[in-house]
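# Inside the fold
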Amino acid sequence: MRHVIDILDLSVEEIDGLIAAARDIIARPEAYAERCRGKKLATLFFEPSTRTRLSFEAAMYELGGNVLSVTGAGTSSAAKGESVADTAKVVSCYADIIAMRHPKEGAAKVAADNASIPVINAGDGGHCHPTQTLADLLTISREKGRLGGLTVGLCGDLKFGRTVHSLINALSRYEDVKFVLISPEELKLPSYVKDGVLKPRGIPYVQTTDLEAALPELDLLYMTRVQKERFFNEEDYLRLKDSYILTPDKMRLAGPDMSVLHPLPRVNEISVAIDNDPRACYFKQVLNGKYMRMALMLMLLEAN
Ligand code: NCD
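Small disclaimer: the values here were computed from a predicted structure and weren't measured.

Turning to the overall build of the protein, a few remarks are in order. Along the protein, the regular secondary structure elements total eleven helices and nine strands. Relative to the globule expectation of 19 Å for 304 residues, the C-alpha radius of gyration of the protein, 19 Å, shows essentially globular dimensions. Each principal axis of the C-alpha distribution contributes one length, and for the protein these read about 55 × 45 × 40 Å. In the protein, once contacts between residues fewer than 6 apart in sequence are set aside, the share between residues at least 24 apart is 74%. Put simply, the protein shows about 12800 Å² of open surface, and 51% of that area lies on carbon and sulfur atoms. Averaging the locations of the 37 positively and 40 negatively charged side chains of the protein gives two centres separated by 3 Å.

Further remarks concern the environment of Leu167. By the element assignment, Leu167 lies in helix α6 (residues 162-171). When the C-alpha atoms of Leu167 and Leu134 are compared, they prove to be 8.5 Å apart, with 33 residues separating the residues in sequence. Discounting chain neighbours no more than four positions away, the residues touching Leu167 are Thr133, Asp136, Leu137, Ile140, Leu154 and Tyr222.

Within the secondary structure layout, Ser55 lies in helix α2 (residues 51-62). On the basis of relative accessibility, which here comes to 8%, the residue Ser55 falls in the buried class. One polar contact links the side chain of Ser55 to the main-chain carbonyl oxygen of Thr52, over a distance of 3.1 Å. If sequence neighbours within four positions are ignored, Ser55 has contacts with Lys290 and Arg293.

Our next topic: the packing of aromatic side chains. Across all of its chains, the model carries three aromatic pairs by this definition. Aromatic side chains Phe160 and Phe231 sit 5.5 Å apart centroid to centroid with 55° between the ring planes, which places their arrangement in the tilted category. Taken together, the residues span a long stretch of sequence, with Phe160 in the loop between β5 (151-155) and α6 and Phe231 in the loop between β8 (220-223) and α9 (234-240) at a distance of 71 residues. Each member of the pair, Phe160 as well as Phe231, is classed as buried.

Nonpolar side chains in soluble globular proteins generally cluster together in the buried interior. Ranked by size, the top nonpolar core spans 59 residues in total, and within it Leu10, Leu154, Ile168 and Phe179 carry the most contacts. It is helix α11 (residues 282-303) that contributes the most residues to this core, ten residues altogether. Residue-level mapping places this core at the junction of two domains, with at least three residues from each of domain 1 (7-128 + 289-303) and domain 2 (130-285). The residues touching Leu154, leaving out its near neighbours within four places in the chain, are Val164, Leu167, Ile168, Phe179, Val180, Leu181, Ile182 and Tyr222. Ala214, Tyr244, Met251 and Ile274 belong to the second largest nonpolar core, which has 20 residues in total.

Attention now goes to α6. In terms of residue burial, α6 counts as a mostly covered element, since ten of its ten residues are buried. Buried residues of α6: Arg162, Thr163, Val164, His165, Ser166, Leu167, Ile168, Asn169, Ala170 and Leu171, and no others.

Let's shift gears to the domain arrangement of the protein. Annotation of the protein at the domain level lists domain 1 (7-128 + 289-303) and domain 2 (130-285). Between the C-alpha centres of domain 1 and domain 2 there is a distance of 25 Å. Each partner contributes residues to the interface: domain 1 has 32 residues there, and domain 2 has 26 residues. When domain 1 packs against domain 2, close to 2300 Å² is buried across both sides, 60% of that on carbon and sulfur atoms. In terms of surface lost to domain 2, no three residues of domain 1 exceed Ile7, Leu8 and Arg51, which account for 24% of the buried area on that side. Where domain 1 touches domain 2, the interface holds two salt bridges.

Thresholds, definitions, all that
- All residue numbers refer to position in the chain's written sequence, counted from 1.
- Predicted model: local features are reported for residues with pLDDT of at least 70 only, side-chain atom pairs are reported and counted for 80 or more only, and whole-chain, interface and lining totals are derived from all residues.
- Only heavy atoms go into the side-chain values, all of them from the structure, while hydrogens and water stay out.
- Secondary structure elements are taken from DSSP: a helix is a run of H or I of four residues or more, a strand is a run of E of two residues or more, and numbering for both begins at the N terminus.
- Atoms counted for the radius of gyration: C-alpha only. Globule rule: 2.2 Å times the number of residues to the power 0.38.
- Whether two residues are in contact is decided by their heavy atoms: any pair within 4.5 Å suffices.
- Exposure was quantified through the Shrake-Rupley algorithm and a 1.4 Å probe, taking into account, for residues, occlusion by the shown protein chains and nothing else.
- When charges are tallied, Lys and Arg are placed among the positive residues and Asp and Glu among the negative ones, while His and the ends of the chain are skipped.
- Charge positions are represented by NZ for Lys, CZ for Arg, CG for Asp and CD for Glu.
- Buried, partly exposed and exposed residues are distinguished by accessible area as a fraction of the type maximum, computed with a 1.4 Å probe on protein chains only: under 20%, between the cut-offs, and over 50%, respectively.
- Polar contacts, as used here, are pairs of N or O atoms within 3.5 Å; protein pairs need one atom able to donate a hydrogen and one able to accept it. Residues neighboring in sequence count only if both atoms are side-chain atoms.
- When the centres of two rings from Phe, Tyr and Trp lie within 6.5 Å, Trp using its six-membered ring, the rings pair. Their planes under 30 degrees apart give stacked, over 60 give edge-to-face, and anything left gives tilted.
- Among buried residues, the Ala, Val, Leu, Ile, Met, Phe, Trp, Tyr and Cys ones that are joined through side-chain atoms within 4.5 Å form a nonpolar core.
- Reported domain spans reflect what an automatic or database domain assignment gives.
- Buried area is a sum: the accessible area each of two parts loses on coming together, probed at 1.4 Å, counted once for each and added.
- For this document, the term salt bridge refers to a Lys or Arg side-chain nitrogen within 4 Å of an Asp or Glu carboxyl oxygen.

Put into structure tokens, the structure is as follows:
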């Protein structure tokens, strides 16, 4: 049984194949309108979500399939104390594929170990978020024309930001990628990513607190929200939440081709005055997420 829990569950060739498939879906959506006829996606979301859940559901509808949905731990048997393992066994009786988001790191893996249908991790705590990375990669590929040879700035909450961890894992497998890690001291990239991914692969990276100094050299800037829900005390969150705000003034320091990405939701990190800047790609990224989830579900349903 094939699952996608971590972005590393997909080879580089498979990721390139998913990008090609998504581009074909964009070019010929009518050819895909019946591909999942009779199939059911179960979305199990035990943490807040707008984009990820709706894009999975829209993706399944656009493939001609149907959707079963659980939103919020409070409305399902999780509130009665049902384990993730049992939930996965039960949902396997009703659906053909699961997309699951859960506040605990490793929850999607437990679901996959117990399900008899493919499980896609739609975010497990501060750990990883592989389908956001697929959306990011399609966006980068469409905007920059390549996934290698890029200087990538990641800014904000690099400690708790699961989208950052998955994106670094993915881009580290392409040639000649450099990272500029921009965060407050307290929100630096965890050592399991630095020592587990960047150092062993000899990937060049610098760590800095200075966004403005970094901007001129970046091909791409990935902004992130400070992850309020992962903080142990509110005081620390309030002190750190506005560490970086991308404004039109700062954008003047960046090159004319620097793409700005953000997984969204945006709180305060990007001024709305940038939304019409041609370098702002975060709303295109939302749409790309739907196409990549279509490509991924097709791949998993056809493989299993
Ligand atoms: C991200 C997430 O859930 O990790 N959102 C998303 O899926 N687009 C980023 C975030 O919540 O900050």
